[in-house]
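Summary of the model geometry
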Amino acid sequence: MSDTDGNEAYGRKSFKRSKSHFTDRITADAREGWPLEAGRYRLVVSRACPWASRAVISRRLLGLEDALSLAIADPIQDDRSWRFTLDPDGRDPVLGIRFLSEAYDARETDYPGGVSVPAIVDVPSGRLVTNDFQQITLDLATEWTALHREGAPDLYPARLRDEIDEIMEEVYEDVNNGVYRAGFATEQEEYAAACERLFRRLELLSARLARRRYLVGGTITEADIRLFTTLVRFDAVYHGHFKCNRWKLTEDEVLWAYVRDLYQTPGFGDTVDFDHIKRHYYQVHTGINPTRIVPLGPDLSGWLTPHGREELGGRPFGDGTPPGPVPEGERVPAAGRP
Ligand SMILES: N[C@@H](CCC(=O)N[C@@H](CS)C(=O)NCC(=O)O)C(=O)O
C-alpha cells in the first residue's frame with residue numbers, strides 16, 4: 001500500500017501536486033480525436049477523492065448518468081493503486097479490468113506517473129483518455145451539452161467565467177490543495193503556513209457567503225462544486241487527520257449552513273460516502289496515521305438539519321430543475337450516510 005497517495009510528491013519536504021499527465025479532451029467537435037458519444041466512456045472515481053467527487057457531482061447535476069457510466073474504486077488502494085475490489089470477482093463489469101492501472105497501461109506502456117482518479121476511459125479500446133481533474137468537469141459542463149438532461153443547469157456560464165475562475169483559483173490554492181499542504185507537511189513552518197492560509201481563506205469565503213447563497217451569481221456553479229468537495233470532508237478527515245484544526249466547520253455558522261445547503265441539494269449529498277472518505281484517508285496515509293485506526297466520529301446527524309439559506313435568495317438551478325433520483329446501483333450505502 002502506498003503512503004504517498006500514488007503521488008511521489010506527497011512524501012517530499014514541500015508538498016507539490018503533480019500535474020495530470022493525460023490531458024486529452026472529449027469535445028463536441030472531436031478536435032482531439034475523442035468524439036462525444038453516449039455510452040462510449042466510463043468515468044472511474046473513488047468516492048473518497050475530492051477531485052474525483054467534483055466529476056461525480058457534475059455528472060449528476062447535468063444528468064449525464066446514462067451517457068457516461070460510473071466505476072467506483074475501492075477506497076483503499078494496494079501497491080497497484082486503485083482497484084475494483086467492490087465489484088463481483090474484483091473486476092469492473094464494463095471495462096473487465098481489476099486495476100485502473102490497466103487502462104493507463106493500455107494507453108501508454110511504462111507510464112512513469114501515478115495512477116489517479118478521476119479518470120475517463122474509452123470503453124471500446126480500454127484506453128485511458130484523460131486524468132486531468134481540472135478540465136474534466138469544465139468539459140462536462142461545456143462540451144457535453146448535447147447529452148445533458150432537460151433542465152440541466154449551466155454550471156460554467158460564459159458571462160461569469162472570469163469571476164468563477166478567480167474564485168476557483170483561490171479556492172484551489174488555499175483550500176482544495178491547502179488541506180493537503182498542511183496534512184503532508186514535514187516541517188512545522190510549512191504546516192503552519194498552509195494552515196494559516198487555509199483558515200484566512202475560509203474566513204474570507206465565510207464573509208462572502210454570509211451575504212449570498214452561492215459563490216458566484218445567484219445559482220450553483222462549478223465554483224460551488226469545488227468548494228463543497230473540500231468542505232464536506234473537513235470535519236471528517238481534514239480537521240483531525242490533516243491537522244487543519246483551528247476550528248471545525250460546524251463552528252463557522254455560515255460555512256456550515258452553506259455546505260449543508262449544498263449537501264441537501266440533489267446531486268451533492270447523494271454522492272458523498274463518509275465511510276469511503278474516512279477509511280481512505282485514515283488507512284492509506286500510513287505516514288500520518290501508522291495505526292490505520294479510523295475514528296468513530298464525527299457525528300453526522302447534523303448534515304440533514306435545516307440550514308435557512310433560502311432566505312438569501314438565489315435559485316439553485318437557475319432556469320433549470322434539480323436532477324432526478326440517483327440511479328439504481330449508484331446509491332451510497334447506509335454506512336456512508338448520516
Ligand atoms: N491527478 C491529480 C489529482 C487527482 C488526485 O490526486 N487523486 C488522488 C486521490 S484523491 C489519486 O488518485 N492519487 C493516486 C493514488 O492515490 O494512488 C494529481 O495528480 O494531482
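Within any chain, residue numbers begin from 1 and follow the written order of that chain's sequence. It should be noted that, the model being predicted, local features are given only for residues of pLDDT at least 70 and side-chain atom pairs only at 80 or more, the latter also being counted only at that level, while totals for whole chains, interfaces and linings use all residues. Side-chain numbers come from the whole structure's heavy atoms, not from hydrogens or water.

**Side note on the nonpolar core**
Defined as follows: Grouping buried Ala, Val, Leu, Ile, Met, Phe, Trp, Tyr and Cys residues that are joined through side-chain atoms within 4.5 Å yields what is termed a nonpolar core. Each residue's exposure class comes from its accessible area (1.4 Å probe, protein chains only) as a fraction of the maximum for that residue type: buried when under 20%, exposed when over 50%, partly exposed otherwise. Only runs of H or I of at least four residues qualify as helices and only runs of E of at least two qualify as strands under DSSP, and these elements are numbered from the N terminus. Annotation comment: domain bounds sourced from an automatic or database domain assignment. Between two residues, a contact is recorded if the distance between any of their heavy atoms is within 4.5 Å.
Judged by nonpolar contacts, the single largest core of 99 residues is most densely connected at L100 and L202. Ranked by the residues each element gives to this core, the list is headed by helix 6 (residues 188–209), at eight residues. When residues of this core are assigned to domains, at least three map to each of domain 1 (8–147) and domain 2 (161–336). Every residue in contact with L100, bar those within four places of it in the chain, is listed here: V44, W82, F84, V115, S116, V117, A119 and V121.

**Focus on the UniProt feature "site: Lowers pKa of active site Cys" (unreviewed entry) in the protein chain**
Using the following cut-off: UniProt positions are given in the numbering used here, feature names are shortened, and annotations may be inferred rather than shown by experiment.
According to UniProt, the "site: Lowers pKa of active site Cys" (unreviewed entry) feature falls on Y238 and Y281. A compact arrangement is adopted by the annotated residues: their sequence extent is 44 residues, whereas the largest C-alpha distance between any two is 9.0 Å. Excluding residues that lie within four positions of it along the chain, Y238 makes contacts with P50, V179, Y180, T230, R233, K243, C244 and Y281. By the secondary structure assignment, Y281 is in helix 10 (residues 274–284).

**Quick notes on empty space enclosed by the protein**
Test applied: Think of a 1 Å grid over the protein atoms and nothing else: a 1.4 Å probe that fits but is trapped marks a cavity, an open set flanked by protein within 12 Å on at least five of seven lines marks a pocket, and residues with an atom within 4 Å of a point count as lining. Grid points are joined across faces, edges and corners, and a volume is the space filled by probe spheres set on the points. Each residue is assigned to one class: nonpolar for Ala, Val, Leu, Ile, Met, Phe, Trp, Tyr, Cys and Pro, charged for Asp, Glu, Lys and Arg, and polar for all the others, Gly among them.
What the rule picks out here adds up to three cavities of 30 Å³ or more. Here the largest cavity is characterised by a volume of approximately 60 Å³. Considering the residues around the largest cavity, the lining is formed by T23, D24, R25, I26, I120, T130, D132, Q135, I136, D139, L140 and W144. Considered class by class, the residues forming the lining of the largest cavity number five nonpolar, three polar and four charged. What the second largest cavity holds in volume is close to 50 Å³. Around the second largest cavity sit R47, S53, I57, F228, T229, V232, R233, T271, V272, D273 and I277, which together line it. When contributions to the lining of the second largest cavity are tallied by element, the ones reaching two or more residues are helix 1 (50–62) and helix 7 (222–231). Broken down by class, the residue content of the lining of the second largest cavity amounts to five nonpolar, three polar and three charged. Inspection of the lining of the second largest cavity shows a minimum of three residues originating in each of domain 1 (8–147) and domain 2 (161–336).

**What about the domain arrangement of the protein chain?**
Counted only if it meets this: Take the accessible area each of two parts loses on contact, using a 1.4 Å probe, and add the two losses: that sum is the buried area. In the sections that follow, a salt bridge refers to a side-chain nitrogen of Lys or Arg positioned within 4 Å of a carboxyl oxygen of Asp or Glu. Identification of polar contacts relies on pairs of N or O atoms within 3.5 Å, with a donor-acceptor requirement for protein atoms, meaning one able to donate a hydrogen and the other able to accept it, and with residues adjacent in sequence counted only if both atoms are side-chain atoms.
Per the domain assignment, the segments of the protein chain are domain 1 (8–147) and domain 2 (161–336). Inter-centroid distance (C-alpha atoms) of domain 1 to domain 2 is 22 Å. At the interface, 33 residues of domain 1 touch 41 residues of domain 2. Of the roughly 3,100 Å² buried where domain 1 meets domain 2, counting both sides, 58% is carbon and sulfur surface. Linking domain 1 with domain 2 are two salt bridges. D270 is the partner of R60 in a salt bridge, and the nearest nitrogen-oxygen pair spans 2.8 Å. At the junction of domain 1 and domain 2, the tally comes to 16 residue pairs in polar contact (both at pLDDT 80 or more). Every element with two or more residues in the side of domain 1 that touches domain 2 is listed here: helix 1, strand 2 (68–72) and helix 3 (133–142).

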